[in-house]
Amino acid sequence: MTFNFDEHTDRYHSDSIKWNHWPPSVLPMWVADTDFRSPPCVIEALQARVAQGVFGYGKHPDGLAEAVVNWLANRYDWHIEPEWLVFIPGVATGLNLAVRAYCGPDQGTLAPDPIYPPFRKAARLAGHTQLNAPLHLQNDRWVMNLEEIEPQLLGNERLLMLCNPQNPGGTVYRRNELSEQLAFAQRNNLIVCSDEIHCDLLLDEGAHHIPFASLSDDAAQRTVTLMAPSKTWNIAGLGASFAIIANPVLRQRFVATRAGIVPEVDILAITAAEAALREGGSWLDAQLQVLRNNRDTLCAAINALPGLAVIPPEGTFLAWVDCSGLPVDNPAKFFLDAGLGFSPGRDFGNSSFVRINFGCTQETLNEAILRIQRAVNAL
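A quick note: this is a predicted structure, and the numbers were derived from the prediction, not measured.

A. Representation of the packing of aromatic side chains within the structure. Taken as a whole and judged by the stated rule, the model has 13 aromatic pairs. With 6.5 Å between their ring centres and 75° between their planes, tyrosine 116 and phenylalanine 119 make a pair best called edge-to-face. When the ring of tryptophan 320 is compared with that of phenylalanine 353, the centres are 4.7 Å apart and the planes differ by 10°; the resulting orientation is stacked. Within this pair, whereas tryptophan 320 is found in strand 11 (residues 318-322), its partner phenylalanine 353 is found in strand 13 (residues 353-357), the two being separated by 33 residues in sequence. Assessed through its relative accessible area of 4%, tryptophan 320 is described here as buried.

Below is the structure:
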């Protein structure tokens, strides 16, 4: 089956947060949902479920659990038990639950910097501190040196929050890098919360996703892994995510923290997620080729311009663009004035950057590149 990733869907006249955040004169390339229609298998499964016409309370998603177990085994050679799964309506929800479940009074968190904004907010909203480990550019990859911050530890840190593939930097961590992170967690008696929502979106042919919890028995017993089909198959608005927690004590605390506050996953979200995991592999493979081409086109154009630089991401559909060479105080506003809606770098921890979502049609990408070129060349 062939799939059309250049089909334009008018989302201005819909409920799209992405496309209605700014006026129609602005190309929205910020929040991480793509502009691609979800796979036919997902749409058909939803249509069949809607045709039933009754939307009462749903049972525990055993079919989805089986689909998750099979996907992880086949894709990553990671063999988990169905009882390790806790279904939640979003990975950001999982980040907040992890902080609240595992950090006691006066205990803190650690996280990379820059990082996806909910990492930063989760600690603050729960009243906990966060020590940030800066990412450094090494061999054209954004990597974290945890040993650098070890002397700064106060001894009250409890939760290490990781992101792989890294958002916004796009790094897909290698086994030795993950092992170093695990050793740090072991030395400092840390629980690990690993956000792996972009794990299926690997753009470098040689990159392989290694779930942090799969490193060893010790890693499995100290880790909460957060995953979702939402970014992979563009179903984020449905809200189907899951935590994988092998340790029964950690799992019970996670479940207890959500009790009475976080709702169960919606029945339509369950339907869509199961269909995607069972039947969406060929669509994903086709999408990855489109994203690779988009990445290469966008990064080449950006790196050809004065004042801008970007490291092609190994994973995700997000480009972390260094604008520090431009003679502007606010890069996000500069590009917004040029009709380009990018994510401000300050939300991730560095105001000299912008994050660009290149999960779009070729027409949108070409227009965005033209606007970037015009804006920069006019300086």
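B. Seen up close, the sheet that holds strand 6 (residues 157-163). Read across the open sheet, the eight strands follow the order 2-9-8-7-6-3-4-5; overall the sheet is mixed. Two strands close off the open sheet at either side, each with one partner strand: strand 2 (85-88) and strand 5 (141-144). When strand polarity is set aside, the average angle formed by the axes of neighbouring strands in this sheet is 25°. Bridging between strand 2 and strand 9 (residues 241-245) involves four bridges; their strand directions are antiparallel. In the strand pairing of strand 9, phenylalanine 87 is matched with phenylalanine 242. Where helix 3 (residues 62-76) meets the sheet, it contacts strand 2, strand 8 (223-227) and strand 9, and its direction lies at approximately 115° from that of strand 2. The sheet strands contacting helix 7 (residues 175-187) are strand 3 (108-113), strand 5, strand 6 and strand 7 (191-195), and the helix crosses strand 6 at an angle near 170°.

C. Here's a closer look at the pattern of salt bridges. Taken as a whole and judged by the stated rule, the model has 21 salt bridges. A salt bridge links glutamate 205 to arginine 292, with the shortest nitrogen-to-oxygen separation between them at 3.8 Å. Of this pair, glutamate 205 sits in the loop between strand 7 and helix 8 (217-222) while arginine 292 sits in helix 11 (residues 281-303), placing them 87 residues apart in sequence. It is possible to trace a salt-bridge network through shared partners that takes in Arg11, Lys18, Asp33 and Asp35.

D. Geometry of the sheet that holds strand 11. In space, the five strands of this open sheet follow the order 1-12-13-11-10, with mixed pairing throughout. Edge strands, defined here as strands with exactly one partner in the open sheet, are strand 1 (27-29) and strand 10 (309-310). Looking at chain direction, strand 11 and strand 13 are connected through five bridges and run antiparallel. Across the sheet, valine 321 pairs through a bridge with valine 354, a residue of strand 13.

E. Spotlight on unusual backbone geometry. Note the cis peptide between aspartate 113 and proline 114, where omega equals 5°. A cis amide bond links asparagine 164 with the next residue in sequence, proline 165, at an omega value of -5°. Relative to the elements of secondary structure, proline 165 occurs in the loop between strand 6 and helix 7. One non-glycine residue, asparagine 234, lies in the positive phi region at around 55°. Position of asparagine 234 among the secondary structure elements: in the loop between strand 8 and strand 9.

Cut-offs used in this document
Residues numbered from 1 in each chain as written. Predicted model: local features only at pLDDT ≥ 70, side-chain atom pairs only at ≥ 80, totals over all residues. Heavy atoms only, no water. Phe/Tyr/Trp six-rings, centres within 6.5 Å; stacked < 30°, edge-to-face > 60°. Helix = DSSP H or I, 4+ residues; strand = E, 2+ residues; numbered from the N terminus. Buried < 20%, exposed > 50% of the residue type's maximum accessible area, 1.4 Å probe, protein only. Pairing = 2+ DSSP bridges. Axes fitted to C-alpha atoms, helices over the stretch in contact; angles between N-to-C directions. Contact = heavy atoms within 4.5 Å. Salt bridge = Lys/Arg side-chain N within 4 Å of Asp/Glu carboxyl O.

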